[in-house]
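# Structural features, examined
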Amino acid sequence: MCGIAGLAGGDALRHQGTVQAMGASQHHRGPDSTLHAVAKDGRAVLAMNSLLIVDPRALPGPYCDHQSGILLSFNGEIYNWRSQAAAWGIAIDERESDAHFLLRAWAKIGPSCLNGLDGMFALAVHDPRVGKLFLARDRLGEKPLYWRLDGGRLAFASEVTTLTGYGPAPLVFRPEVTAIETPTGVDTPFQGIQLLAPATLLTFDVTTGSIDQMTWWRLEDRAPFTGAYTEALARFSTILAEQIPLRTPACDFALLLSGGLDSAVLAYLMRPPVCVTVRYRGQDRLDESSTAAVIARDIKSELVVVEPDHMDFAHAVPDMMRALDYPMGNASTFSEHMAYRKVADLGLRVVIGGLGPDEFLMGYVRQALVLFGPEAVLNAGLEAYRPLAAKLVHTAGEPLEAAQAAARLILRGPDPDGRVRDLVGDAVARAGGDLARGLTLADLATAWRPLVMTSDKLASAYALERRSPYLARDLVELSYRLPVDYKITDPAQGKRILRDAAKTLGLPREVWAGRDKLGFASPVPAWLNGDLAAWADSQIRMALADAPSGFRPLLEAGLARGGRFDRTRMQALMAAAWF
């Protein structure tokens with residue numbers, strides 16, 4: 001996990017001090033080194049916070065190719081860099097890393113090298129040969145990158161607060177925040193600052209100030225898989241067995257082990273020395289630590305159990321909010337924060353998590369509700385999800401269209417301008433008639449951004465690199481291409497092919513045969529209506545006094561008590577801490 005920042009334009013050389021300060025504000029992202037470098041034409045200054053993972057003796061960035069003058073700042077990991085270096089004829093010396101490979105690849109073949117990279121990254125490249133600055137993000141947006149244009153200069157950074165420090169950025173209320181607890185697309189709550197979209201290449205001409213953006217990868221462009229299930233399973237199992245271990249770091253690391261399928265498969269394929277799980281006293285329905293203990297014992301891993309209480313949450317809110325930059329919805333935020341804090345306390349630098357299978361292999365109950373209908377899901381033993389299923393009851397008694405049903409299940413509040421509904425409808429349409437693929441695209445357009453962003457930001461606050469092995473390019477593309485019945489046939493149990501692959505690979509029956517995980521869920525909503533009710537009310541009321549008018553309805557809604565699954569008060573509390 002590293003951080004990048006910088007500025008490009010005709011007078012960039014005059015702003016070294018500004019870029020140096022931008023880099024310093026992100027020092028926690030890369031405590032091994034924070035340096036900046038000036039392009040040889042003086043039209044770009046790049047900074048980089050380095051966290052050395054691949055080789056602790058590696059040279060820190062920014063990186064310069066002295067022959068071409070290309071300057072690179074890089075955040076992330078390229079997992080296939082050694083094989084690509086061999087394929088492209090790129091020499092790598094001792095103490096050099098994936099960043100040096102990327103620098104030489106860019107010098108040799110330019111932006112088209114992005115197509116050959118498999119990993120997580122956000123990068124900035126200044127190429128004086130063409131007078132342009134390039135910004136790019138990985139396919140699924142694992143690494144954040146924000147940018148703004150001001151006075152003919154383009155500034156960028158890994159954290160939006162770095163750019164708010166660069167110049168004024170008034171708060172802007174995004175209506176979809178009330179709908180899904182986060183801005184959508186490339187919007188941020190700051191005027192003039194955008195998030196670079198995943199799989200996007202931005203080109204800035206440092207002479208004219210013109211900007212061009214292009215999408216360099218689209219998941220929906222993958223052709224449907226037409227082979228038999230046995231063929232798909234063999235291919236899926238092979239990719240799993242090859243790609244997951246490839247993401248195992250050379251150093252000691254920790255795995256977030258919830259006790260469910262996704263993290264259990266990672267445990268057996270990666271054999272982490274340390275597993276970390278989170279449980280809550282008196283919350284048996286959220287406790288999967290006994291299953292996690294069996295898995296850890298089987299793979300001979302140390303199991304560390306984190307057991308926070310409501311006072312830990314109250315103390316953690318300011319730290320979580322500083323790390324996140326702005327409020328974003330994610331039910332496991334607190335549990336993740338506490339797990340990362342423990343991993344950092346153990347002196348580790350890499351943490352592994354299981355993002356991906358739920359989105360790509362139909363692991364969410366809300367996906368099953370759309371695919372099978374509420375009655376089939378409830379009759380399959382998921383009675384606890386009746387409040388969610390009730391969202392699909394149409395007032396006219398007529399069944400909803402799939403896109404409407406999916407939007408209703410994703411929404412957590414009012415969608416006044418229909419933006420979230422439009423995003424879901426567009427996603428389903430882009431899937432070309434396959435509803436499961438449409439649901440995946442809908443997730444990527446709405447709920448995905450806060451999942452990957454909170455994982456990155458919360459981990460980075462503790463100088464940890466977060467890896468999500470299921471996001472390997474080949475695994476993601478194959479998962480998306482599969483027919484729906486290869487992903488789910490039982491309304492109560494998704495991720496069919498992952499379960500069968502786990503069985504094929506020889507994992508224990510309790511891994512592939514059980515009901516799916518609870519994940520790192522937490523009792524925060526119950527706390528905010530119980531032990532922390534008065535405290536939450538006071539925090540929200542204090543923020544109301546100074547909050548911009550557009551945000552006041554969000555805060556006021558948080559003063560009402562919610563149900564067991566209602567995160568409105570949590571959202572309002574985080575917004576209050578932000579203000």
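Residues numbered from 1 in each chain as written. Predicted model: local features only at pLDDT ≥ 70, side-chain atom pairs only at ≥ 80, totals over all residues. Heavy atoms only, no water.

The helix and strand tally for the protein stands at 26 helices and 17 strands. Its C-alpha atoms give the protein a radius of gyration of 23 Å, near enough to 25 Å, the size a compact globule of 579 residues would have. Summarising its shape, the C-alpha atoms of the protein cover approximately 65 × 60 × 45 Å along the three principal directions. Buried residues in the protein amount to 59% of all 579 residues. (Helix = DSSP H or I, 4+ residues; strand = E, 2+ residues; numbered from the N terminus. Rg over C-alpha atoms; globule rule 2.2 N^0.38 Å. Buried < 20%, exposed > 50% of the residue type's maximum accessible area, 1.4 Å probe, protein only.)

Strand order in this open sheet of six strands is β4-β5-β6-β7-β11-β12, and the pairing throughout is antiparallel. Single-partner strands in this sheet number two, and they are β4 (63-65) and β12 (211-215). Adjacent strand axes in the sheet meet at a mean angle of 20 degrees, parallel and antiparallel pairs treated alike. Of the strand pairs in this sheet, strand β7 (residues 132-137) and strand β11 (residues 200-205) are connected by five bridges, and their pairing is antiparallel. By the bridge assignment for β11, Ala 136 is matched with Leu 201. Across the sheet, helix α3 (residues 98-109) is in contact with β4, β5 (70-78), β6 (119-127), β7 and β11; its angle to β5 comes to roughly 130 degrees. (Pairing = 2+ DSSP bridges. Axes fitted to C-alpha atoms, helices over the stretch in contact; angles between N-to-C directions. Contact = heavy atoms within 4.5 Å.)

Further remarks concern the nonpolar core. Leu 123, Leu 240, Val 265 and Phe 313 are the most contacted members of the largest nonpolar core, which totals 167 residues. Discounting chain neighbours no more than four positions away, the residues touching Phe 313 are Met 320, Phe 334, Val 524, Trp 527, Leu 528, Leu 532, Trp 535, Met 570 and Leu 573. Within the second largest apolar cluster, 19 residues are counted, among which are Ala 44, Leu 133, Leu 154 and Leu 196. (Core = buried A, V, L, I, M, F, W, Y, C linked by side-chain atoms within 4.5 Å.)

We now examine the pairing of strand β8 (residues 146-150). As paired strands, β8 and strand β9 (residues 153-157) are joined by five bridges and run antiparallel to one another. Along β9, the bridge assignment pairs Arg 148 with Ala 155. Linking β8 to β9, which pair antiparallel, is a turn of two residues; within it Gly 151 sits at a positive phi near 60 degrees. Across two bridges, the pairing between β8 and strand β10 (residues 194-195) is antiparallel. When the bridges of β10 are listed, Trp 147 appears paired with Gln 194.

This brings us to the pattern of salt bridges. Across all of its chains, the model carries 32 salt bridges by this definition. Asp 500 serves as the salt-bridge partner of Arg 496, at 3.9 Å between the closest nitrogen and oxygen. Of this pair, Arg 496 and Asp 500 both sit in helix α21 (residues 496-504), separated by four residues, roughly a single helical turn. For Arg 496, a relative accessible area of 25% gives the class partly exposed. Using a relative accessible area of 25% as the deciding quantity, one classes Asp 500 as partly exposed. (Salt bridge = Lys/Arg side-chain N within 4 Å of Asp/Glu carboxyl O.)

Another aspect to go through is helix α24 (residues 533-544). A rise of 1.5 Å per residue sets the reference length of α24, with its 12 residues, at 16 Å; its end C-alpha atoms lie 17 Å apart and thus fit the reference within 8%. By the burial criterion, the buried members of α24 are Ala 533, Ala 536, Asp 537, Ile 540, Ala 543 and Leu 544. Seen end-on, α24 carries its buried residues on one side only, within an arc spanning 130 degrees. Opposite the buried face of α24, by more than 90 degrees, sit the exposed residues Ala 534 and Met 542. Against α23 (524-529), α25 (552-557) and α26 (568-578) lie the buried residues of α24. (Expected span 1.5 Å × (residues − 1). Arc of directions from axis to C-beta.)

The next point concerns the sheet that holds strand β14 (residues 274-278). Taken together, the five strands give an open sheet; going across it, the order is β15-β14-β13-β16-β17, and neighbouring strands pair in parallel fashion. Both edges of this open sheet fall to β15 (302-306) and β17 (465-467), since each of them pairs with a single strand only. Each adjacent strand pair in this sheet contributes to an overall mean axis angle of 30 degrees, direction not counted. As paired elements, β14 and β15 share five bridges and run parallel to each other. Residue pairing for β15: Val 278 is matched across the bridge by Val 306.

Let us look at the environment of Leu 423. With respect to the helices and strands, the residue Leu 423 is situated in helix α16 (residues 419-430). For Leu 423, a relative accessible area of 24% corresponds to the partly exposed category. In sequence terms Leu 423 and Asp 325 are 98 residues apart; their C-alpha atoms lie 24 Å from each other. Once residues within four sequence positions are removed from consideration, Leu 423 is found in contact with Thr 184, Ala 445 and Thr 446.

Taken as a whole, this structure holds 17 aromatic pairs when the rule is applied. On the basis of an interplanar angle of 35 degrees and a centroid distance of 6.4 Å, the ring pair of Tyr 280 and Phe 334 is categorised as tilted. One end of the pair, Tyr 280, is in the loop between β14 and α8 (289-298); the other, Phe 334, is in helix α10 (residues 333-345), with 54 residues separating them in the sequence. When its relative accessible area of 1% is taken as the criterion, Phe 334 is described as buried. (Phe/Tyr/Trp six-rings, centres within 6.5 Å; stacked < 30°, edge-to-face > 60°.)

The next thing to look at is the packing of α16 against helix α17 (residues 435-445). Viewed as axis vectors pointing N to C, α16 and α17 meet at an angle of 140 degrees, and their least axial separation amounts to 7 Å. Of the possible angle classes, the one that applies to α16 and α17 is oblique. The element α16 and its partner α17 pack so that their crossing is right-handed. When α16 is examined against α17, the residues Leu 423, Val 424, Ala 427, Val 428 and Arg 430 are found in contact with a partner set consisting of Leu 435, Gly 438, Leu 441, Ala 442 and Ala 445. When the residues that make up the contact of α16 with α17 are grouped by side-chain class, the tally is eight nonpolar, one polar and one charged. (Parallel < 35°, antiparallel > 145°, perpendicular 65-115°, else oblique. Left-handed = near helix turned anticlockwise from the far one by under 90°. Nonpolar A, V, L, I, M, F, W, Y, C, P; charged D, E, K, R; others polar.)

This paragraph deals with the environment of Ile 180. Positionally, Ile 180 belongs in helix α5 (residues 176-180). A relative accessible area of 9% means that Ile 180 is categorised as buried. The sequence separation of Ile 180 and Pro 399 amounts to 219 residues, and the corresponding C-alpha distance is 23 Å. With residues up to four places along the chain from it excluded, the contact list for Ile 180 reads Ile 410, Leu 411, Val 420 and Thr 446.

A cis geometry characterises the amide bond from Gly 61 onward to Pro 62, with omega recorded as 5 degrees. The phi dihedral of Glu 181 is positive, around 70 degrees, even though this residue is not glycine. Relative to the elements of secondary structure, Glu 181 occurs in the loop between α5 and β10. One non-glycine residue with positive phi stands out, namely Ala 199, at about 55 degrees. Structurally, Ala 199 is set in the loop between β10 and β11.

Any link to function would need more than the numbers given here.
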